[in-house]
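What follows is the residue order along each chain.
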Amino acid sequence: MAFELPKLSYAYDALEPHIDARTMEIHHSKHHNGYTNNLNNAIAGTDLEGKSIEDILTGLDLNNGAVRNNGGGFYNHSLFWNVMNPEGKGRLSGELKDAIEAAYGDFEGFKDAFSKAAATRFGSGWAWLCVHKGGKVEICSTANQDNPLMPGITCGGTPILALDVWEHAYYLNYQNRRPDYINAFFNVINWNYVEKLYAENK
Ligand SMILES: [Fe+2]
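Residues numbered from 1 in each chain as written. Predicted model: local features only at pLDDT ≥ 70, side-chain atom pairs only at ≥ 80, totals over all residues. Heavy atoms only, no water.

Engineer: Which residues make up the layout of surface pockets, and what values do they have?
Structural biologist: Empty space left among the atoms is revealed by rolling a probe the size of a water molecule over them. Taken as a whole, the largest pocket holds about 280 Å³ of empty space. Lining the largest pocket are 15 residues; nearest its centre among them are E54, Y75, L79, Y193 and L197. Those elements giving two or more residues to the lining of the largest pocket turn out to be helix 2 (53-58), helix 3 (65-82), strand 3 (158-164) and helix 8 (191-201). Grouping the constituent residues of the lining of the largest pocket by class yields 8 nonpolar, 4 polar and 3 charged. Forming the walls of the second largest pocket are 13 residues, and the residues nearest its centre are G90, R91, L92, F107 and W191. Tallied by class, residues from the lining of the second largest pocket come to 5 nonpolar, 3 polar and 5 charged. (1 Å grid on protein atoms, 1.4 Å probe; cavity = no way out; pocket = protein on both sides within 12 Å on 5 of 7 lines; lining within 4 Å. Points joined across faces, edges and corners; volume = space filled by probe spheres on them. Helix = DSSP H or I, 4+ residues; strand = E, 2+ residues; numbered from the N terminus. Nonpolar A, V, L, I, M, F, W, Y, C, P; charged D, E, K, R; others polar.)

Next comes the structure, spelled out in structure tokens:
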């Protein structure tokens, strides 16, 4: 089975005014669709065909640029759509709240650290909140479409929150104001989903 572009669980305009409909439409139907098709082309006829995306990324040969870029692009965007929701969803609570407070003091400390990771990623990339086995959480960032699941990436654990800081994610609405886009992202985080990922992967 080839990989398929996942459907969004909300409309393209559902995240406005924080993330505009035109950006969402192009980002999903063009960019994410492109990564999906290119990933399928890159693995067709190889021993990667038929594997899960997680298995492909955790076993990745970083020299395989086509799978690194497009497999990362496929996975990263699939997670990104799911960690957002109109008006956000739920509030940070429970075990994840405890883990975040243990690592960053309080929610504001976490928000500052995550925002800094996203703002200071030079060029294109992603900011992540990851969980390690045992429950510790860690913020990090990666370049391009790299992902914490890939071996040899200096950012580890299982990603449970993702923010795309490629210009294609914000330029139409925010131009060069990446910090404004990062701030807006905090209004649409689906904490219920992030907590579910935390519980499944801690
Ligand atoms: Fe993107």
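Engineer: Got a sec to walk through the side chain of N76? Specific residues and values, please.
Structural biologist: With respect to the helices, strands and loops of the structure, N76 is situated in helix 3. Setting aside residues up to four positions removed in sequence, N76 forms contacts with W126, W128, Q145, D146 and N147. (Contact = heavy atoms within 4.5 Å.)

Engineer: Any details on the UniProt feature "binding site: Mn(2+)" (unreviewed entry) in the protein chain? Residues and values, ideally.
Structural biologist: In this structure's numbering, the residues bearing the UniProt feature "binding site: Mn(2+)" (unreviewed entry) are H27, H77, D164 and H168. On the basis of their most widely separated C-alpha atoms, the annotated residues across 142 residues gather in one place, lying no more than 12.2 Å apart. Inspection of the secondary structure assignment puts H77 in helix 3. Residue contacts for H77: discarding those within four places in its chain leaves H27, H32, Y35, W126, Q145, D164 and H168. Here G73 takes part through its backbone oxygen, which lies 2.7 Å from a polar atom of the side chain of H77. Among the secondary structure elements, D164 is positioned in strand 3. Those residues within four positions of D164 in sequence are excluded, and the remaining contacts are H27, H77, F80, G125, W126, A169 and Y181. (UniProt positions renumbered as here; feature names shortened; annotations may be inferred. Polar contact = N/O pair within 3.5 Å; in protein donor to acceptor, adjacent residues only side chain to side chain.)

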